[in-house]
Amino acid sequence: MTDFSHLLLHFLALEIKSEILEWPAVSTPDTAIDPTEEALLREFRPIHQSSAGPREGRFQRMEKWSNGNPVAYYQAFCRNPETGKFERYGWRYMLSNGQLILHKTFPVLNKDYEKRESRSARAAR
C-alpha cells in the first residue's frame, strides 16, 4: 500500500466516523479569572490575630480550582515578642458566589533570622 492510498484510507475513515457518530464536543476548562474577581482578591487585606497582635495579610498568589472557584493565598509576617523569632502566617480564601470565605489557615512558620550568617561574614572565612 502506497503512502497516498494509506492517506486516502485514513481520510475516508475520518469521514465515515464523523457521519456515523456524533461525538460530543469536549470543552476545555475555563482557566481565566474574571477581572472583577481578580481585582477583589488582589485588593482584599484580611486581618488576623498573631502573636504580636492583629496583622494584615498581603496578597501572595491566586489560582482557579477545577470547580470554578478562584482562591487566593495571603500571608503576614511579624516578630514574636516572647521568642524574638519571626513568624509567617498564611491563609487561603475562596471566592464563592461573590463572598470571600476563609478556606484554610496554614500552620505558623518560625524562623530565627538573627542567627543566620551574612554573606560577607561567610566570604571573609
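Here the structure is shown first, and the text comes after it.
To start, this report covers the structure provided alongside it. Note that the structure is predicted; figures quoted are calculated from it, not measured. Counting restarts for each chain, with residues numbered from 1 along the sequence as it is written. Totals for whole chains, interfaces and linings use all residues, but because this is a predicted model, local features are given only for residues with pLDDT of at least 70 and pairs of side-chain atoms are given and counted only at 80 or more. The basis for the side-chain values is all heavy atoms of the structure; hydrogens and waters are excluded.

By definition, any uninterrupted DSSP run of H or I lasting at least four residues is a helix, any uninterrupted run of E lasting at least two residues is a strand, and each is numbered from the N terminus. The topology assignment puts Ser50 in strand E1 (residues 47-50). Judged by relative accessible area, Ser50 falls into the buried class, the value being 11%. As a C-alpha pair, Ser50 and Arg79 span 29 residues in sequence and 9.4 Å in three-dimensional space. Here, residues are in contact when the closest pair of their heavy atoms is within 4.5 Å. Other than its neighbours up to four places away in sequence, Ser50 contacts Arg55, Cys78 and Tyr89. Under this definition, polar contacts are N or O atom pairs within 3.5 Å; protein pairs additionally need one hydrogen-donor-capable and one acceptor-capable atom, and for neighbouring residues in sequence, both atoms have to be side-chain atoms. Here the side chain of Ser50 touches Gly53 through a polar contact of 2.6 Å, landing on its backbone oxygen. Burial here depends on accessible area, computed with a 1.4 Å probe over protein chains only, as a share of the maximum for the residue type. Under 20% is buried, over 50% is exposed, and the range in between is partly exposed.

Salt bridges, as used here, are contacts in which a Lys or Arg side-chain nitrogen is within 4 Å of a carboxyl oxygen on Asp or Glu. Following the criterion strictly, the structure yields four salt bridges and no others. Of the charged contacts in the structure, one is a salt bridge between Glu38 and Arg42, with a shortest N-O distance of 3.3 Å. Placement of both Glu38 and Arg42 in helix H2 (residues 35-43) is noted, with a separation of four residues, approximately one turn of the helix. Glu38 gets classed as partly exposed once you look at its relative accessible area, which sits at 29%. Overall, Arg42 belongs to the partly exposed group, its relative accessible area being 38%.

Here the focus is the nonpolar core. Most often, soluble globular proteins keep nonpolar side chains buried together rather than apart. In terms of nonpolar packing, the biggest core is built from eleven residues, these being Leu41, Phe59, Met62, Ala72, Tyr74, Ala76, Cys78, Tyr89, Trp91, Tyr93 and Leu95. Counting only elements with at least two residues in this core, the list comes to strand E3 (58-64), strand E4 (70-79) and strand E5 (86-96). With near-sequence residues (within four places) excluded, Tyr93 lies in contact with Phe44, Pro46, His48, Pro70, Val71, Ala72, Tyr74, Leu100, Ile101, Leu102 and His103. Nonpolar cores were defined as sets of buried Ala, Val, Leu, Ile, Met, Phe, Trp, Tyr and Cys residues, with membership established by side-chain atoms within 4.5 Å.

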